[in-house]
Each structure stands twice: as structure tokens, then as C-alpha cells.
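Report on the structure
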Amino acid sequence: MKRVFITGANRGIGLEFVRQLLERGDQVFAGVRNPDAATSLRRLSAQHHDQVIPVRIDVTDTGSIKAARSAVSIHTNALDWLINNAGILQRGERLGEFDAAMFNRTFQVNVTGPALVTQAFVDLLGAGEQPLLVNMTSQLGSLARKSSASTHSYSASKAALNMLTRTLTYELKPMGITTVMMHPGWVQTDMGGDNANLTASEAVAGMLNVLDRLTPADTGSFLQYDGQRLPW
Ligand SMILES: NC(=O)c1ccc[n+]([C@@H]2O[C@H](COP(=O)([O-])OP(=O)(O)OC[C@H]3O[C@@H](n4cnc5c(N)ncnc54)[C@H](OP(=O)(O)O)[C@@H]3O)[C@@H](O)[C@H]2O)c1
């Protein structure tokens, strides 16, 4: 049984991770911004009782991150997986219409958030079994791949997240923590839209298959949901 903390578990890929982890018997600390409004998560919670613990967390709020760390440590003194999944994508960005607040918001959620969440939970993760840090990135953060012209702040934030993950690798490896960047594919969620070619169920099943097989030698890898290595 793995002990997993995941952010952005209210909907989309995060919620599907919770569902599939519960089905296989793992214990999930499900990070959501508003547990009272997390209807789908509460339904899962009713079915799985003590196996899922909703945890309030806004990754842009340092106090909220600290409170989440305290809430999790009431239940466990170790985590095996930490999945920084919460993210935002602001559409339709155009040169000439850039806005500082919009860029800052994207970086706060997609880069600073994972950095601060990792920092807050690293001792619990360091105490886990074969501990794994997963940062949910995107192929749009790959410098080598063609990126969308209208996702400037998102693509830049995911490239920054990739670099953050690489730099963290050097500090986390001596603690026995394996660190990877994971691109989930193009997934049917609020972010991915209805035309995406993967369901959340397919994407998460693929990612779990990949994550389960990782070894310390994989640390620092940029992988997609089917295990393919992506170019930087
Ligand atoms: N879908 C795709 O095709 C795709 C492709 C590549 C990468 N990704 C990445 O995969 C991850 C999940 O994406 P998704 O498709 O599931 O997106 P989604 O359906 O839009 O869900 C995003 C989740 O992030 C949470 N979130 C947003 N801001 C937050 C904050 N400040 N603090 C805590 N949680 C916050 C949201 O919470 P609320 O429900 O409270 O708003 C929601 O649960 C993201 O990192 C995304 O960049 C997705």
C-alpha cells in the first residue's frame, strides 16, 4: 500500500488519480482548495472511508501549504509518493495583450506552488518507501517541441517547472527520493477540453503503470503517460 499526497484532486487528472489509487488499495491524501465543495471526492470518501483523507490546500498560499502538511502528519509520518498535479492554463495569450498579473498567477500555481509544496512535505517523503516526487508538467514545456503560440505563460511555466525538477533532483537524490516530470498526454479534462485524444482514465492508468516501474536510475527523467522519454 502506498501513501500518496496529490494536489489538484478536486477534478480532472488529480481526481482520477485518487479514484485509481483507491481502487488498488493505496492511501490517498487528496489536496483540494475547498473540501466542502469537492462533491466527487466526497463521494469517493464515502465509499472508501479512512483510505482517502481530503486535505485543504491552495498551492499559492504558504499558510495553507503549512496547514496541509500538519493535517497530513496527523495521519502518517511518511509518504511514498508526492504528486504536484495542480496547475492552470490561461488561454488566448497574445503579444500586445500580456498582463503581469496573469503571468505571475500562472507561475505562482505552476512553479512556485510545486517548489513550496515539495519543501513542506520533503521530510515526510524522505521517510517513505522508495519515495517518488512527481511533478505534472506538459510537453508544451519542452524547448525541443513545437509549442502553441497562445500558451506563452503556461509553456514558460512548465519549462521552468522542468528545470526546477532537475535542480531539485540533486538535493533529493541523497535522500533516496526519485524525482520525475510527467506529461499526462492530451487529456479530456476542463483544461484539455473535449477534443483531447485520451480520457483521464486512460492517461492515469498509463502513468501509474510508468510510476510503478521507476527506479532511482530514472531520477530527473521527463516522461509521458506511456513511458516515452520526451526531449528537453
Ligand atoms: N489535460 C491535459 O491535456 C494536460 C496536458 C498536459 C499537462 N497537464 C497538466 O496536468 C495537471 C492537471 O491538469 P487537469 O487537466 O486535470 O486540469 P484541470 O481539470 O483544470 O484541474 C486543475 C486542478 O488544479 C487545481 N488548482 C488550480 N489552482 C490551484 C491552486 N492555486 N491550489 C490548489 N489547486 C489548484 C484545480 O482546483 P479547483 O478544482 O479548485 O479549481 C483543479 O483541481 C496540470 O498540472 C496540467 O498542467 C494537463
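Thresholds, definitions, all that
Residues numbered from 1 in each chain as written. Predicted model: local features only at pLDDT ≥ 70, side-chain atom pairs only at ≥ 80, totals over all residues. Heavy atoms only, no water. Core = buried A, V, L, I, M, F, W, Y, C linked by side-chain atoms within 4.5 Å. Buried < 20%, exposed > 50% of the residue type's maximum accessible area, 1.4 Å probe, protein only. Helix = DSSP H or I, 4+ residues; strand = E, 2+ residues; numbered from the N terminus. Arc of directions from axis to C-beta. Contact = heavy atoms within 4.5 Å.

1. Observations regarding the nonpolar core
- Core analysis: the largest hydrophobic core is formed by 34 residues, its most contacted members being Phe-17, Val-18 and Leu-211.
- Taken together, the elements giving at least two residues each to this core come down to β1 (3-6), α1 (12-23), β2 (27-32), α2 (39-48), β4 (81-84), β5 (132-136), β6 (178-183) and α6 (200-212).
- Among the elements that take part in this core, α6 stands out by supplying seven residues, more than any other.
- If you look at the next biggest cluster of nonpolar residues, it comprises 25 residues, including Leu-82, Ala-86, Val-117 and Leu-133.

2. Concerning α2
- Where α2 is concerned, the buried positions are Leu-41, Leu-44 and Ser-45. For α2, the angular spread of the buried residues around the axis is 105°, confining them to a single face. When the buried face of α2 is taken as reference, the exposed residues oriented beyond 90 degrees from it are Arg-43, Ala-46 and Gln-47.
- Tucked into the core, α2 has its buried residues touching α1, β2 and β3 (52-56).

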